[in-house]
Amino acid sequence: MPAYRLITLGPSHYCEKARWALSRCRVPFVEEPHVPLIHSVHTRKAGGARTVPVLLTDSGTFSDSTDILELCDRQVSGALYGSGETRRQSRDLEEYFDEKLGPHTRRLVYFHILDDRQLVVGLFAPGVSRAERASFELGYLPIRALMRKGMKIDREGADRSRERALAVFRDVSARLADGRRYLTGDRFTAADLTFASLAAPVILPPEYGWPLPPLASLGPAMQSEVRHFRDSAAGELALRLYREERAQVLAVGS
Ligand SMILES: N[C@@H](CCC(=O)N[C@@H](CS)C(=O)NCC(=O)O)C(=O)O
């Protein structure tokens, strides 16, 4: 099977969700990471909308992470959703995390790091062309302003997002109270994969499928945010899922 092309913003947690699913299901792919703003030229050229991930395959373009997981699940029958009640629950939970967790962990982390141009440029840099990196660096201030406006990244937004993300963490911790090892019971599903990927910005798991800065190199407010999220049953689940279930299969821009 020829390798598929996965267009990404490297550190994006929705891209991580797709990357993890493809890797887990052994679907060969080559990642083509871009920097913010320039990414949309590539997603549109590929026939997608503005957002990443976009997966180009011999049977069409998939421009939503859930569609990519469903494709993986079809290729390795039931590998991500299982069947029956497990399937229903894993789909519902995936949608819940996509809508109620992903946007909030992203906004919270951007709030903490966007002032650090070097850190952010470095975060997006692996695998992108020199020209793209340079244009991101040069255009950083206006691009940051667009990101702040587009995602309403300010203190008020960050405080609201922290509360929303913590509420999801509380729900997840409550689900685990009966001792189950996975969100739908006794097997790993798309629900676990989605939770761990979308929680990753506030958990910073060492096994994340894209290089992240070490916790100790981040500012004190971001460090205490991460410690707070890690210090819960849900946080421990995300860390364990990364440790035990995330295979490091990464192919960038070859
Ligand atoms: N529902 C989409 C959401 C993807 C999404 O929000 N992607 C963000 C990156 S984390 C993005 O592309 N942002 C850039 C933009 O909106 O232009 C999915 O699951 O694929």
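The residue numbers shown here count from 1 along each chain, following its written sequence. Selection of residues for local features in this predicted model requires a pLDDT of at least 70, selection of side-chain atom pairs for listing and counting requires 80 or more, and totals for whole chains, interfaces and linings are taken over all residues. Think of the side-chain values as coming from all heavy atoms in the structure, minus any hydrogens and water.

A. Broad picture of the site of the ligand. S12, H13, Y14, H39, R50, T51, V52, P53, D64, S65 and R106 make up every residue found near the ligand. Here a polar contact means two N or O atoms within 3.5 Å. Within protein one must be a hydrogen donor candidate and the other an acceptor candidate, and residues neighboring in sequence count only if both atoms are side-chain atoms. With respect to the ligand, the side chain of S65 contributes an N or O atom lying 2.5 Å from an oxygen atom. Contacts to the ligand include R106, whose side-chain N or O atom sits 3.0 Å from an oxygen atom. Within the complex, 80% of the 510 Å² of free accessible area of the ligand lies under protein. When its residues are assigned to classes, the shell around the ligand shows 3 nonpolar, 5 polar and 3 charged. Here a residue is considered near a molecule or strand provided that any single heavy atom belonging to it is located within 4 Å of it. Surface accessibility in these figures is a Shrake-Rupley result with a 1.4 Å probe; residues are shielded only by whichever protein chains are displayed. Gly counts as polar in this scheme, as do all residues outside two lists: the nonpolar Ala, Val, Leu, Ile, Met, Phe, Trp, Tyr, Cys and Pro, and the charged Asp, Glu, Lys and Arg.

B. Structural detail: the pattern of salt bridges. Each salt bridge in this description consists of a side-chain nitrogen of Lys or Arg and a carboxyl oxygen of Asp or Glu lying within 4 Å of one another. Here the structure, examined in full by the defined rule, presents 20 salt bridges. Of the charged contacts, one joins E32 and R5 as a salt bridge, the two residues approaching to 2.6 Å between their closest N and O atoms. You can see E32 sitting in strand β2 (residues 29-34) and its partner R5 sitting in strand β1 (residues 4-9), a full 27 residues away along the chain. You can call R5 partly exposed: its relative accessible area is 37%. In the salt-bridge network here, residues are joined through shared partners; they are E16, R19, E31 and R246. Helix and strand definitions here come from DSSP, where helices need a minimum of 4 consecutive H or I residues and strands a minimum of 2 consecutive E residues; each element is numbered from the N-terminal end. Residue exposure (1.4 Å probe, protein chains only): buried if accessible area is under 20% of the type maximum, exposed if over 50%, otherwise partly exposed.

C. Local environment of the packing of helix α1 (residues 13-24) against helix α3 (residues 65-75). α3 packs onto α1 with a crossing angle of 5° between their chain directions and a minimal axis gap of 9 Å. With respect to their mutual orientation, α1 and α3 come out roughly parallel. Residue-level contacts link Y14, K17, A18, A21 and L22 of α1 to S65, T66, I68, L69 and C72 of α3. Split into classes, the residues belonging to the contact of α1 with α3 amount to 7 nonpolar, 2 polar and 1 charged. Geometry is summarised by axes, namely lines fitted to C-alpha atoms with helices restricted to the contacting stretch, and by angles between N-to-C directions that run from 0 to 180 degrees. We call two directions roughly parallel when the angle between them is under 35 degrees, roughly antiparallel when it is over 145, roughly perpendicular when it lies between 65 and 115, and oblique otherwise. Residues are treated as being in contact if the distance between any of their heavy atoms lies within 4.5 Å.

D. Representation of the environment of F124 in the model. Locating F124 in the fold gives a position in helix α6 (residues 117-124). Separated by 87 residues in the primary sequence, F124 and P211 have C-alpha atoms spaced 9.3 Å apart.

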